[in-house]
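Chain residues, written in single-letter form:
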Amino acid sequence: MTSPAESRPRDGGIEAVLDRSGLAALVTALQHRGRTVIGPTVRDGAIVLDELDSATALPYGWGVELEAGTYRLVRRDDGAAFSHSAGPQSWKSFLHPERVRQWSADRGPGGGLTVREERPQAVSYAFLGVRPCDLRAIRILDLVMAGGRYPDPAYLSRRTGAFLIAVECTEPGATCFCVSMGTGPAADAGYDLALTEVVDDDGHRFLCRSGTEEGADVLAELPRRAADDATRTAAVLGVRAAADRMGRSMPPVDLRTLMRDTLEAERWDDVTARCLSCGNCTMVCPTCFCTTTEDVTDLTGDHAERWRRWDSCYDLDFSLLHGGPVRSSPRSRYRQWLTHKLGTWHDQFDSSGCVGCGRCIVWCPTGIDLTEEAHALHREASGSQDAP
Amino acid sequence: MTLTPLPYRVVDRREETRDTATLTLAPSGEPLAPFAPGQFAMVYAFGVGEIPVSVSRILDSGRLVHTVRAVGAVSRALHGLGPGAHVAVRGPFGRGWDTTAARGRDVLVVAGGIGLAPLRPLLDTVLAEPEAYGRLNVLAGARSPDDLLYGDEIPSWRRPFAQATVDRPSAGWKGRVGIVTGLIGEARFRPPDTTAFVCGPEVMIRATARTLMHQGVDAARIQVSLERNMRCATGHCGHCQLGPLLLCRDGPVVGYDRAESLLTVREL
Ligand SMILES: Cc1cc2nc3c(=O)[nH]c(=O)nc-3n(C[C@H](O)[C@H](O)[C@H](O)COP(=O)(O)OP(=O)(O)OC[C@H]3O[C@@H](n4cnc5c(N)ncnc54)[C@H](O)[C@@H]3O)c2cc1C
Ligand code: SF4
Ligand code: SF4
Ligand code: FES
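Residues numbered from 1 in each chain as written. Chains lettered and ligands numbered in written order. Predicted model: local features only at pLDDT ≥ 70, side-chain atom pairs only at ≥ 80, totals over all residues. Heavy atoms only, no water.

Colleague: Please clarify how the site of ligand 1 should be interpreted in this entry.
Modeller: Around ligand 1 sit 23 residues, and of these A:His322, B:Pro52, B:Arg69, B:Ser75 and B:Glu227 come closest. More than one chain reaches ligand 1: the nearby residues come from chains A and B. The contact in question runs from an oxygen atom of ligand 1 to an N or O atom on the backbone of B:Pro52, over 2.7 Å. One of the backbone N or O atoms of B:Gly72 is found 3.3 Å from an oxygen atom in ligand 1. Considering ligand 1 on its own, with 820 Å² of exposed area, one finds that the protein chains cover 87% of that surface. A class-by-class count of the residues in the shell around ligand 1 yields 13 nonpolar, six polar and four charged. (Near = heavy atom within 4 Å. Polar contact = N/O pair within 3.5 Å; in protein donor to acceptor, adjacent residues only side chain to side chain. Areas by Shrake-Rupley, 256 points an atom, 1.4 Å probe, with all protein chains shown as cover. Nonpolar A, V, L, I, M, F, W, Y, C, P; charged D, E, K, R; others polar.)

Colleague: Help me understand the domain arrangement of chain A in this model?
Modeller: Interface size is commonly expressed as the accessible surface area that is lost when the partners come together. Residues and elements named next belong to chain A. Domain annotation for chain A reports domain 1 (15-243) and domain 2 (255-382). Domain 1 and domain 2 are separated by 25 Å when their C-alpha centres are compared. Contacts between the two partners involve 43 residues from domain 1, matched on the other side by 41 residues from domain 2. Contact between domain 1 and domain 2 buries roughly 3600 Å² in total, counting both sides, with carbon and sulfur atoms accounting for 59%. The largest per-residue losses of area from domain 1 upon contact with domain 2 belong to Lys 92, Arg 99 and Phe 177, which jointly make up 16% of the total buried on that side. In this assembly, domain 1 and domain 2 are joined by five salt bridges. The salt bridge partner of Arg 101 is Glu 305, with a shortest N-O separation of 3.2 Å. (Domains from an automatic or database assignment. Contact = heavy atoms within 4.5 Å. Buried area = accessible area lost by both parts, 1.4 Å probe. Salt bridge = Lys/Arg side-chain N within 4 Å of Asp/Glu carboxyl O.)

Colleague: Just to check I follow, could you spell out the sheet that holds strand S16 (residues 253-255) of chain B for this structure?
Modeller: What links the strands of a sheet is backbone hydrogen bonding, and the strands pair in either a parallel or an antiparallel sense. Residue and element names in this part refer to chain B. One open sheet holds the seven strands; their spatial order is S11-S10-S9-S8-S12-S13-S16, and the pairing between them is mixed. Bordering the open sheet on either side are strand S11 (176-177) and S16, each of which pairs with just one other strand. Where strand S9 (residues 136-142) meets strand S10 (residues 160-166), seven bridges bridge the pair, whose relative direction is parallel. Paired with Leu 139 across the two strands is Gln 163, which belongs to S10. Here helix H2 (residues 116-127) sits on the sheet and contacts strand S8 (106-112), S9 and strand S12 (194-199); the angle it forms with S8, its principal contact strand, is near 160°. Its contacts with the sheet put helix H3 (residues 202-214) on S8, S12 and strand S13 (222-225), and the angle it makes with S12 is roughly 165°. (Pairing = 2+ DSSP bridges. Helix = DSSP H or I, 4+ residues; strand = E, 2+ residues; numbered from the N terminus. Axes fitted to C-alpha atoms, helices over the stretch in contact; angles between N-to-C directions.)

Colleague: Got a minute to help me understand the pattern of salt bridges in this structure?
Modeller: Where side chains of opposite charge bring their charged atoms close, a pairing between them can arise. Throughout the structure, instances matching the rule amount to 51 salt bridges over all chains. Ionic pairing is found between B:Arg57 and B:Asp124, a salt bridge with its closest N-O pair at 2.8 Å. Of the two residues, B:Arg57 is situated in strand S5 (residues 57-58) and B:Asp124 in helix H2; the sequence distance between them amounts to 67 residues. Take B:Arg57: its relative accessible area is 22%, and that puts it in the partly exposed class. Under the relative-accessibility criterion, B:Asp124 is labelled partly exposed at 23%. The network of salt bridges with common partners includes A:Arg267, A:Asp270, A:Arg274, A:Glu372 and A:Glu373. (Buried < 20%, exposed > 50% of the residue type's maximum accessible area, 1.4 Å probe, protein only.)

Colleague: In this structure, what is going on with the interface of chain A and chain B? I would like to understand it.
Modeller: At the interface, 51 residues of chain A touch 39 residues of chain B. Taking both partners together, chain A and chain B bury about 3700 Å²; carbon and sulfur atoms supply 55% of that area. Summed over the three residues of chain A that lose the most area to chain B, namely A:Leu113, A:Tyr150 and A:Gln348, the buried surface amounts to 19% of that side. The tally of links between chain A and chain B comes to one salt bridge. Two residues, B:Glu50 and A:Arg306, come together in a salt bridge whose shortest N-O distance is 2.9 Å. Run the count over chain A and chain B and you get 20 residue pairs in polar contact (both at pLDDT 80 or more). Taken together, the elements giving at least two residues each to the side of chain A that touches chain B come down to strand S6 (99-107), strand S7 (113-117), helix H3 (132-146), strand S13 (291-297), strand S14 (303-310), strand S15 (320-321) and helix H11 (330-349) of chain A.

Colleague: Explain the site of ligand 3 here, please?
Modeller: Close to ligand 3 lie A:Thr282, A:Cys288, A:Phe289, A:Cys290, A:Cys313, A:Gln336, A:Trp337, A:His340, A:Trp345 and B:Gln241. The local environment of ligand 3 is shared, drawing residues from chains A and B. Among the elements that take part in the shell around ligand 3, H11(A) stands out by supplying four residues, more than any other.

Here it is as structure tokens:
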């Protein structure tokens, strides 16, 4: 039942306004439901994602300054909790962890093998502060890890039933380009609750709307007040202003076609001179899913395990065949990365592999910027000299 | 069965060449689902690792037949196993040969080296029902006569043409010398009515497909089996990418109409 504190927003869920204590109650309510709440918090000079004991761990009053190859925490005087864009981690770390055991095997006295499937312990996560771009990244991981013929049990055990609290963006970073990728700064679907943070003369508050029944149930438990027009308007304007302040943009062309038609472009040689093949971009990217396997045995030699761990297409061994790697030049490896993200991902998973979060730009030690590379490829392909 | 392998034991080992052996594996418990020609399994050598290996014969008994060439750590370990040894296998994976598309048509099989292994179940399929197909031609290339696979079976494939050729002949070799494309001119097939099945090193695949297309075989009717690094076989690890294709899922058998543009970009 809808109490007076709720009203119906456009998407049919319920809507209310929370203050800081309402947000704190949200974290507690989720914990009471047996969920592990993960959200942003300040550690080691960055805003990282970690388990939150309470909402006081949120980065109130912290922002970030981002540029190609640069990440810096800055103090804000408005006390906002979510006025920062993507940090070095993404939700991938929790849904598709860096290392998982897939099975273990024992060799008996006669040499016979017993193989035990890993039965992943289901984790009940609540993710607080999922940016719209990252919300899309989770949907993309769903397609990759669970959307095909063989849904991945390790992924499903973490993803199934995860409670997602999106936070719309009002403070984009200089490296963000979600507008180009059609993923933000507003959250349109795929969340249980969506928050929009508003700080103005009327105070610090969060417009909160539900996207699922469970979201509505949780919201109904919280201390809240009815959504008012002033807060609604401030929220909408804040998100709209963010769209106008995107730090980066992609060339306004079909990126998939651009990638397909520029495989032999000279620009790849240019980027190769700057790319160290370090693989940072693939580690921080919220959608890069590639893994390799490790087969290990213990000292007795009779117990073996299969582990899966993150891998990167920048690694020389990634494309190893008997006789050597297919992609031996750094040029071909950067090209694999970019053309996969923006082009062939569509063929493989019916979606772009890039959501415009800008992480790969920030965490590239030499500041390589994929939007700049795409503009350069577009200029080369169209033979034009105009600036990006 | 897709991520966790099932235990099998080696019940037969046949030495094919100095570096290649055919293993027959029997399930220690539950068997895997049946394989189709051109599909592959992920075969695990205890404590060493796991590699993709095609089925080289399909048996009704639930047993698996794999022909393994020793080239590195895992393949060497598997190649060295004898009867009684234990392995673990998952599968079946991938899209195999589309034999239905070849019914009523001439069949041309072109193999280089170990590439004959995934083609043998296809030959078995055609020969089990020869009246359903047109003429069968088998062209097999190998480095030397000693490297030729299934030499004793080749005569049974001659309907009407089966021929082996080697790069380096040895004394007494009565077959052909030279690359396998050199045999295409002797084969007896009607290009517009032919379906070709090709597996071998990538250079050989490209040369063969080019020659066949030149003779009038439609690119879409040239099925090629491609190889890339494969860690998962379930479409999750990203290693087997060839441009838009995930070869463990969209391959390993691909029509040359799709493969051509991908195989002509260096290091794609
Ligand atoms: C679909 C498919 C079917 C195959 N069928 C057969 C077959 O029937 N018989 C046969 O003898 N061989 C087959 N191969 C090739 C076989 O998988 C490789 O020879 C084998 O992986 C080499 O691994 P290794 O550890 O022995 O060698 P190493 O050189 O030590 O390889 C190290 C690692 O690199 C990777 N790697 C190296 N070469 C290859 C390769 N060619 N393909 C995939 N990954 C590779 C493997 O993951 C391996 O663990 C097939 C390959 C594919 C992709
Ligand atoms: S490619 Fe870069 S901008 Fe795009 S989703 Fe990955 S990290 Fe974000
Ligand atoms: S860009 Fe590279 S690491 Fe990322 S998903 Fe694609 S192949 Fe894997
Ligand atoms: S082998 Fe892992 S995606 Fe194909």
